[in-house]
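These are the residues of each chain, in order.
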Amino acid sequence: DFEASFIRLIDKVTNGSRIEINQTGTTLYYQPGLLYGGSLEHDCSPSRSIGYYLESLLCLAPFMKHPLKIVLRGVTNDQVDPSVDVLKATALPLLKKFGIDGESLEIKINRRGMPPKGGGEILFACPVRKVLQPIQFTDPGKIKRIRGTAYSVRVSPQMANRMVESARSILNKFLPDIYIYTDHMKGVSSGKSPGFGMCLTAETVNGTILSAELASNPQGQGAAVLPEELGQNCAKLLLEEVYRGGCVDSTNQSLALLLMTLGQRDVSKVLLGPLSPYT
């Protein structure tokens, strides 16, 4: 289901792709076309989050023929894929290091959608770059500040404040400069399912950004999660990322390596922590 939706998305951003799937759905024949871009809309399958689709678009978008501007609808935050918040906080600064920047590079969350029903909407825009800059990025530096977002939809707004307090209770031992925004969406912009979660980012003096996130269990699946526990666990995950080290966090390792490969014939260096199973 979500894979079929992904193939339709790839078909939309390209021109002249040929895709054939056999009747049992076990083999896929794909003949790539030109990366075309332009202004598009796509409804993602609610079984995976928008992050699953957005990650591959981040890899392709700088090499389109026309600047890409796409509206994606579906689940914005879930427990499987990197959420839109994390990609916005970590992947965009990484693209800027490779020289992909400008006012037209943005990820904007118009509506949040939690699983199982989704109902979220985001806008992703990216300019075109013919040549990527090589990067020398081997010294992560010391952590100078921690930022984050605690979001809640279709539940009490107090949930977000409770998550923030419990996360701060752990992080304040290490660093005074912590600011976690609370984002409570109401009405239409809150999607179709209740839920809450948190996304934290740590920024170093050299501009490295490490991130961690957690979301509550989807409605009707698994035990209910206390916001206090979720806040504490998210803070511990962030400390785990910092402990792993490296200049790129574990969600964006593959993106960094891909952009280094596609750059000019010049040496790029990046320091990574232990490779995640995902990479």
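Up top is the structure.
What counts and what doesn't
- Residues numbered from 1 in each chain as written.
- Predicted model: local features only at pLDDT ≥ 70, side-chain atom pairs only at ≥ 80, totals over all residues.
- Heavy atoms only, no water.
- Helix = DSSP H or I, 4+ residues; strand = E, 2+ residues; numbered from the N terminus.
- Rg over C-alpha atoms; globule rule 2.2 N^0.38 Å.
- Buried < 20%, exposed > 50% of the residue type's maximum accessible area, 1.4 Å probe, protein only.
- Contact = heavy atoms within 4.5 Å.
- Areas by Shrake-Rupley, 256 points an atom, 1.4 Å probe, with all protein chains shown as cover.
- Lys, Arg positive; Asp, Glu negative; His and termini not counted.
- Charge placed at Lys NZ, Arg CZ, Asp CG, Glu CD.
- Disulfide = S-S within 2.5 Å.
- Phe/Tyr/Trp six-rings, centres within 6.5 Å; stacked < 30°, edge-to-face > 60°.
- Patch = residues over 30% accessible without salt bridge, like charges linked within 9 Å, V, L, I, M, F, W, Y side chains within 5 Å.
- Salt bridge = Lys/Arg side-chain N within 4 Å of Asp/Glu carboxyl O.
- Pairing = 2+ DSSP bridges.
- Axes fitted to C-alpha atoms, helices over the stretch in contact; angles between N-to-C directions.
- Parallel < 35°, antiparallel > 145°, perpendicular 65-115°, else oblique.
- Nonpolar A, V, L, I, M, F, W, Y, C, P; charged D, E, K, R; others polar.
- Expected span 1.5 Å × (residues − 1).

Asks: Whenever I open this one, the overall build of the protein chain confuses me. Can you help?
Replies: Secondary structure summary: the protein chain contains 6 helices and 14 strands in total. The globule rule puts the C-alpha radius of gyration for 279 residues at 19 Å, and the 19 Å found for the protein chain is close to it. Projected onto the principal axes, the alpha-carbon positions of the protein chain cover approximately 55 × 45 × 35 Å. Counting all 279 residues of the protein chain, 48% fall into the buried class. Counting contacts in the protein chain only where the partners sit at least 6 residues apart, residues at least 24 apart contribute 75% of the total. Carbon together with sulfur atoms contributes 53% to the accessible area of the protein chain, which is approximately 13600 Å² in total. Distance between charge centres in the protein chain, computed from 30 positive and 26 negative side chains, equals 3 Å.

Asks: Explanation requested: the state of the cysteines in the structure shown.
Replies: Working definition of a disulfide: a covalent bond connecting the sulfur atoms of two cysteines. According to the stated counting rule, one finds 0 disulfides in the structure shown. Here Cys59 stays free of any disulfide, with the sulfur of Cys126 as its closest cysteine sulfur at 11 Å. Cysteine Cys199 remains unbridged, with the sulfur of Cys234 as its closest cysteine sulfur at 7.3 Å.

Asks: I would appreciate a short explanation of the packing of aromatic side chains in the present structure.
Replies: The geometry of an aromatic ring pair is captured by the separation of the ring centres together with the interplanar angle, meaning the angle of the planes. For the coordinates displayed, the defined rule picks out 5 aromatic pairs. Their ring planes at 85 degrees and their centres at 5.4 Å tell us that Phe2 and Tyr52 sit as a pair that is edge-to-face. With Phe2 in helix α1 (residues 2-13) and Tyr52 in helix α2 (residues 50-60), this pair connects stretches of sequence that are 50 residues apart. A centroid spacing of 6.4 Å and a plane angle of 45 degrees characterise the contact between Phe6 and Tyr53, whose relative ring orientation is tilted. Here Phe6 is found in helix α1, whereas its partner Tyr53 is found in helix α2, with 47 residues between them in sequence.

Asks: Please clarify how a nonpolar patch on the surface should be interpreted in this entry.
Replies: Judged by side-chain polarity, Ile21, Leu28 and Tyr30 come together as a nonpolar surface patch covering roughly 290 Å² of accessible area. Looking at the element boundaries, Tyr30 is found in strand β3 (residues 28-31).

Asks: Help me understand the pattern of salt bridges in this model?
Replies: Oppositely charged side chains may form a pair once their charged atoms are brought near each other. As enumerated under the stated definition, the model contains 12 salt bridges in all. Notably, a salt bridge pairs Arg73 with Glu41, separated by 3.1 Å at the nearest N-O pair. Taken as a pair, Arg73 in strand β6 (residues 68-74) and Glu41 in strand β5 (residues 38-43) lie far apart in primary sequence, 32 residues in all. Within the structure, one salt-bridge network assembled from shared partners comprises Glu41, Asp43, Arg73, Arg111 and Glu121.

Asks: Got a minute to help me understand the sheet that holds β5 in this structure?
Replies: Two orientations exist for strands paired in a sheet by backbone hydrogen bonds: parallel and antiparallel. Strand order in the open sheet formed by 4 strands is β5-β6-β8-β7, with mixed pairing between adjacent strands. Of all the strands in the sheet, the pair left with one neighbour each is β5 and β7 (106-111). The average undirected angle you get between the axes of adjacent strands in this sheet is 15 degrees. Strands β6, β7 and β8 (120-126) of the sheet are contacted by α2, whose axis makes an angle of about 165 degrees with β6. Its contacts with the sheet put helix α3 (residues 84-97) on β7 and β8, and the angle it makes with β7 is roughly 165 degrees.

Asks: Help me out: how do you make sense of the sheet that holds strand β10 (residues 143-153) in this one?
Replies: Spatially, the 4 strands line up as an open sheet ordered β11-β10-β12-β13, and their pairing is mixed. Here the strands that pair on one side only, and so sit at the sheet edges, are β11 (178-185) and β13 (209-215). Put simply, the sheet's adjacent strands are angled 15 degrees from each other on average, direction ignored. Summarising the sheet, β10 and strand β12 (residues 195-204) pair through 10 bridges and their orientation is antiparallel. Following the sheet pairing, Ile143 is matched in β12 by Thr204. Each of β10, β12 and β13 touches α3; the most contacted strand, β13, lies at about 170 degrees to it. Sitting on the sheet, helix α4 (residues 158-171) is in contact with β10, β11 and β12, with an inclination near 165 degrees to β11.

Asks: What am I meant to see in the packing of α2 against α3 here?
Replies: Two measures define how a pair of helices packs: the angle their axes make with one another and the distance between the axes. Taken N-terminus to C-terminus, the directions of α2 and α3 make an angle of 10 degrees; their axes are 11 Å apart at the nearest point. Between α2 and α3, the crossing angle belongs to the class labelled roughly parallel. Between α2 and α3, the contacting residues are Ile50, Gly51, Leu54, Glu55 and Leu58 on the first element and Val84, Leu87, Ala91, Leu92 and Leu95 on the second. Taken together, the residues of the contact of α2 with α3 break down into 8 nonpolar, 1 polar and 1 charged.

Asks: Explanation requested: α4 in the structure shown.
Replies: Quick reminder: α-helices carry 3.6 residues per turn. Residues three or four places apart thus point the same way. Here α4 is 14 residues long and its end C-alpha atoms lie 20 Å apart, about the 20 Å a rise of 1.5 Å per residue gives. The elements touched by buried residues of α4 are β10, β11, β12 and α5 (227-244).

Asks: What is the right way to read the side chain of Ser166 from this model?
Replies: By secondary structure assignment, the location of Ser166 is in helix α4. Residue classification places Ser166 among the buried residues on the basis of a relative accessible area of 7%. Other than its neighbours up to four places away in sequence, Ser166 contacts Pro227, Glu228, Gly231 and Gln232.

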